[in-house]
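Okay, here's what each chain looks like letter by letter:
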Amino acid sequence: MLRIFKYLKESGWSVLAIVVLLVVQAYCDLALPQYTADIVDVGIGQKGIENAVPERMREAVYDNLLMLMTEEEAELMSFAYEQAADGSYVFCGDKDTMEKLDESMGILILILSMAKEGGTMPDITGAGPESSFGYVLSDELVLAFRERVLEGLGDTGETVITQRAVQFLQEEYGKLGMDSGKIQRNYLYRTGGRMLIYSVVMMATAILVGFLASRIGAKLGLNLRERVFTKVVSFSHGEMERFSTASLITRSTNDIQQVQMVVVVMLRMVVYAPIIGIGGVVKVLRTRTGMGWIIVVAVAAIMVLVGILMAVAMPRFKKMQTLVDGLNLVSREILTGVPVIRAFSRERFEEERFDRANRDLMQTQLFTNRVMNVMMPAMMLIMNGISIMIVWFGAKGIDMGNLMVGDMLAFITYTMQIVMSFLMLTMISVMLPRAGVAAGRIQEVIGTEAGVKDRETVLDEKLKDARGVVAFRDVSFRYPGADEDALENLTFTANPGETTAIIGSTGCGKSTLLNLIPRFYDVTGGQITIDGVDIRDVSQHKLRSLLGYVPQKAVLFSGDIASNLKFGGPDISDSRMQEAAAIAQATEFIESKPEDYHSEISQGGTNVSGGQKQRLSIARAIAKSPRIYLFDDSFSALDYKTDVTLRKALREKTEDATVIIVAQRISTILHADRIIVLDEGRIAGMGTHGQLLRDCEAYREIARSQLSEAELKGGAAV
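Residues numbered from 1 in each chain as written. Predicted model: local features only at pLDDT ≥ 70, side-chain atom pairs only at ≥ 80, totals over all residues. Heavy atoms only, no water.

What exactly am I supposed to notice about the overall build of the chain here?
Each helix and strand in the chain was counted, giving 26 helices and 17 strands. The C-alpha atoms of the chain give a radius of gyration of 44 Å, which is well past the 27 Å a tight globule of 718 residues would have. Referenced to the eigenvectors of the C-alpha coordinate spread, the extents of the chain come out at roughly 150 × 50 × 50 Å. Every one of the 718 residues in the chain was classed for burial, and the buried ones make up 47%. In the chain, once contacts between residues fewer than 6 apart in sequence are set aside, the share between residues at least 24 apart is 78%. Here the chain has roughly 36,300 Å² of accessible surface; of this, 56% comes from carbon and sulfur atoms. (Helix = DSSP H or I, 4+ residues; strand = E, 2+ residues; numbered from the N terminus. Rg over C-alpha atoms; globule rule 2.2 N^0.38 Å. Buried < 20%, exposed > 50% of the residue type's maximum accessible area, 1.4 Å probe, protein only. Contact = heavy atoms within 4.5 Å. Areas by Shrake-Rupley, 256 points an atom, 1.4 Å probe, with all protein chains shown as cover.)

Dropping the structure here:
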């Protein structure tokens, strides 16, 4: 899973921007419940009166409050209020001053209210001489009297003080002619406006985070696909055989898509969930509801649920990617082998084979989906249970006067935010393992070193004007993991202007020999040289630029005929393309098509016959005008007449080039300048057709199986 985080290094600044935006979003999200509580408790319950500090008060009230204050409080109050023209006192202090006065003003207003109900001010003995603040009492007497009042209120003290302060201030504002309705409306508008601003900011940050996360995910997918493709293209045949084609396709598509999807979700949740969860806990602790233990119960229940689900589902998530590989493999084999399947009437068998692979994947997906589907109802059950507990115990607190309705609503909201943060982390914890497996499979491809690679210093300049002399010098080759050599001690030279043919029984190493020249594999012993330069000392690009390769299985690419014939490079002109088509005996069927060279070729060349496909492959190699031609049994799909005509035209075209042909039919190589007979990876004979008929038993056995007695006698006489 750490690989997923490493992939994000390339988008470091965007990730940092997402983190900052998520912090802003979380801050706004955490602020909204408190504003909701303020609207309920202050805006509605307290008629918009935020605290016990009066905005305005009559002179008599001002003087009575001064008498009940400590000397420090009285001094602070004298600086906070200014006397208006009508004799009332108006608050002119700052927010900090208001907060300091609010700490004591509530109990003072409660005392005044009690005095009003009793008809006189409380009798506090020990008054000192009169001063500018009224009768100055000692601080000890003032504080002791407040303490006695608070003790008399008991556990409901804070609620009673708040209610009395609101009631007192409403009456005071009424006596001063102030509109209490306007005060309430102003508070609601002000608080609601702040909530709207926070909501807009939260929405904007969420949109920006979604945009940036999607952009990072798309860029990551693009880069990974490019890296995987570039790596796969650099693989030799050895690496291609290690990873099946179906697996490479899955890794390039499904696996990268898994990582991409998880990265997008992770960027939006992994940072946000801890912020909102921790912030929710801090906010809950500040509400002073006494119900913090409910959070502990909720978190414990969620952790138990997640632990059980992970233990059950995780092994299946790891198995799922392997099953996807298997399904892709079966699908590819069936789709590419449809003609053979039909010819052998094996449709039913292949349907059952596909059905088994399909059902295995389906059963695993069903199991994991069912397990995950249990999670959401269970989470909702926990969340609803928590809500019931909060309302139950919160109602008791409200009834006892220890809790306000708004605080309970805020507590519920914060609790749900904490639970949702755990839910988000749970979703990520479910997705991450599967994405981790996918990332590991991707990294396995990216991290695989190609078995065939260029050396740090190459000798491309030595082959700038290459003649094309190909020499095998005591060459041996063994496939990776094999116990025996496939080729052993091969030594021969193929010269320009000559045709060198390779023939032998099936499995003797003919195609393997040819594949060593373009370095699809590297030799395990000896060396192959071109003009005396070891092919391992030149770059693969330079080496392959000298070669015209026609594989055993003709391969065409989707596009048109012209794009396939010009596949060898952008410098191939139309005249060279048409000349190559003529040599390959492909002109007739190309020009018979409505759009001739611009006629469409479907994927894999399925809309042309095997012989046409083979001729187009040969024409593609000829159009490149290479110094060395490699034909890997490339004439097998041609009829005898076309074969003879093509080889005659090819000989004229390649009179200055080196031609190496792998063939099964002796008729194809009958007039080759040199025929090499392979037997179990060793050279059993070398020479012309006539020489080999006389001197090589292995060649004679092949000839007897393909030629008549007259042809054999004629060949022996050569």
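Help me understand unusual backbone geometry, please; the structure alone is not making it clear to me.
Excluding glycine, a negative phi dihedral is what most residues carry, and trans is how most peptide bonds are arranged. Here the phi dihedral of S345 falls at roughly 55°; this positive angle occurs in a residue that is not glycine. Its location among the elements puts S345 in the loop between α13 (338-343) and α14 (347-400).

Teacher, can you tell me more about the sheet that holds strand β8 (residues 499-504) here?
Paired through backbone hydrogen bonds, the strands of a sheet run either parallel or antiparallel to each other. One open sheet accounts for six strands, arranged β11-β14-β15-β8-β16-β17; its pairing is mixed. Looking along the sheet, the strands with just one partner apiece sit at the ends: β11 (547-550) and β17 (682-687). Each neighbouring strand pair of the sheet contributes to a mean axis angle of 15°, computed without reference to strand direction. In terms of strand pairing, β11 meets strand β14 (residues 628-632) through four bridges, oriented parallel. Bridge pairing in β14 links G548 to Y629. Strand contacts of helix α21 (residues 610-623): β11 and β14, with the helix running at about 175° to β11, the strand carrying the most contacts. (Pairing = 2+ DSSP bridges. Axes fitted to C-alpha atoms, helices over the stretch in contact; angles between N-to-C directions.)

When you look at the sheet that holds strand β9 (residues 525-530) in this model, what are you seeing that I'm missing?
Strand order in the open sheet formed by four strands is β7-β6-β9-β10, with antiparallel pairing between adjacent strands. The sheet terminates laterally at β7 (487-494) and β10 (533-534), the two strands that pair on one side only. Bridging between strand β6 (residues 470-477) and β7 involves five bridges; their strand directions are antiparallel. Opposite F472, over in β7, you have F492 as the bridge partner.

Looking at this structure, I do not really get the environment of M389. What am I missing?
The residue M389 is located in helix α14 in this model. Given the relative accessible area of 24%, M389 is considered partly exposed. Each residue touching M389, except ones within four places of it in the same chain, is listed here: W293, I294 and G394.

In this structure, what is going on with the pattern of salt bridges? I would like to understand it.
Two side chains of opposite charge can pair, provided their charged atoms sit close to one another. Here the structure, examined in full by the defined rule, presents 24 salt bridges. Salt-bridge contacts for R348 lead to E351; the nearest nitrogen and oxygen are separated by 3.7 Å. Separated by three residues within a single helix, R348 and E351 lie in helix α14, roughly one turn from each other. Taking the shortest distance from any N to any O, the salt bridge between R353 and E350 comes out at 3.0 Å. (Salt bridge = Lys/Arg side-chain N within 4 Å of Asp/Glu carboxyl O.)

I keep staring at helix α2 (residues 12-45) and nothing clicks. Help me out?
The α-helix winds at 3.6 residues per turn, so residues separated by three or four positions along the chain end up facing the same way. Along its 34 residues, α2 runs 49 Å from first to last C-alpha, staying within 8% of the 50 Å computed at 1.5 Å per residue. Maximal helix bending in α2 amounts to about 30°, located at D38. Downstream of α2 by one or two residues, K47 has phi in the positive range, about 55°. (Expected span 1.5 Å × (residues − 1). Bend = angle between axes of the 7 residues up to and from the residue.)

What exactly am I supposed to notice about the pairing of β6 here?
A regular strand carries its side chains on alternate faces of the sheet. Of all eight residues that make up β6, six are buried, and the element is covered over most of its length. Across five bridges, β6 lies against β9 in antiparallel orientation. Bridged to S476 within β9 is G525.

Honestly, helix α22 (residues 640-653) in this entry has me stumped. Any pointers?
Compared with the 20 Å implied by 1.5 Å per residue over 14 residues, the 20 Å span of α22 between its first and last C-alpha is a close match. Turning to α22, its buried residues number three or more, namely T642, D643, L646, R647 and L650. Burial along α22 is one-sided: seen end-on, the buried residues are contained in an arc of 125°. For α22, exposure combined with an orientation more than 90 degrees from the buried face picks out Y640, K641, K648 and E652. On its buried face, α22 is in contact with α19 (574-583), α21, β14 and α23 (666-669). (Arc of directions from axis to C-beta.)

Teacher, can you tell me more about a negative patch on the surface here?
Residues E591, E595, D596 and E600 make up a contiguous surface patch of negative charge. One can find D596 in the loop between α20 (587-591) and β13 (600-601). Classification of D596 as partly exposed rests on a relative accessible area of 30%. (Patch = residues over 30% accessible without salt bridge, like charges linked within 9 Å, V, L, I, M, F, W, Y side chains within 5 Å. Lys, Arg positive; Asp, Glu negative; His and termini not counted. Charge placed at Lys NZ, Arg CZ, Asp CG, Glu CD.)

What is the right way to read the packing of aromatic side chains from this model?
Ring pairs (aromatic) are described by centroid distance and by the angle formed between their planes. Overall, the coordinates contain 12 aromatic pairs when judged by the stated rule. Ring centres of Y81 and F91 lie 5.3 Å apart, and the angle between their planes is 75°; this geometry places the pair in the edge-to-face category. Of this pair, Y81 sits in strand β2 (residues 81-83) while F91 sits in strand β3 (residues 89-91), placing them 10 residues apart in sequence. The same class applies to Y81 and to F91, which are both buried. Relative to F492, the ring of F472 lies with its centre 4.5 Å away and its plane at 15°, an arrangement referred to as stacked. Of the two residues, F472 sits in strand β6 while F492 sits in strand β7, which places them 20 residues apart along the sequence. In this pair, the class of F472 matches that of F492, namely buried. Connected via pairs of aromatic rings, a cluster forms that spans Y62, Y81, Y89 and F91. Geometry around F349 places R346 over its ring, the cationic atom sitting 4.2 Å from the centre. (Phe/Tyr/Trp six-rings, centres within 6.5 Å; stacked < 30°, edge-to-face > 60°. Lys NZ or Arg CZ within 6 Å of the ring centre and 35° of its normal.)

Got a minute to help me understand the environment of V23 in this structure?
Mapping V23 onto the fold places it in helix α2. When the C-alpha positions of V23 and D695 are compared, they lie 86 Å apart, and in sequence the two are 672 residues distant.

What is the right way to look at the pairing of β9 in this model?
Here β9 runs beside β10; their pairing, made up of two bridges, is antiparallel. Paired with T529 across the strands is D534, a residue of β10. Counting the residues that bridge the hairpin from β9 to β10 gives two residues, and of these D531 lies at a positive phi of roughly 55°.

Whenever I open this one, a nonpolar patch on the surface confuses me. Can you help?
A surface patch of nonpolar side chains, amounting to about 600 Å² of accessible area, comprises W13, L16, V20, V24, I197 and V201. If you list the elements that add at least two residues to the nonpolar patch, you get α2 and α8 (180-234). Per-element tally for the nonpolar patch: the top contributor is α2, with four residues. Relative to the elements of secondary structure, V24 occurs in helix α2.

Any chance you could explain the packing of α2 against α8 here in plain terms?
Each pair of packed helices gets described by two things: the angle between the helix axes and the distance between those axes. Axis separation between α2 and α8 bottoms out at 8 Å; the angle between their running directions is 155°. Between α2 and α8, the angle falls in the class roughly antiparallel. Along this stretch, α2 crosses α8, giving a crossing that reads as left-handed. When the residues that make up the contact of α2 with α8 are grouped by side-chain class, the tally is 26 nonpolar, nine polar and three charged. (Parallel < 35°, antiparallel > 145°, perpendicular 65-115°, else oblique. Left-handed = near helix turned anticlockwise from the far one by under 90°. Nonpolar A, V, L, I, M, F, W, Y, C, P; charged D, E, K, R; others polar.)

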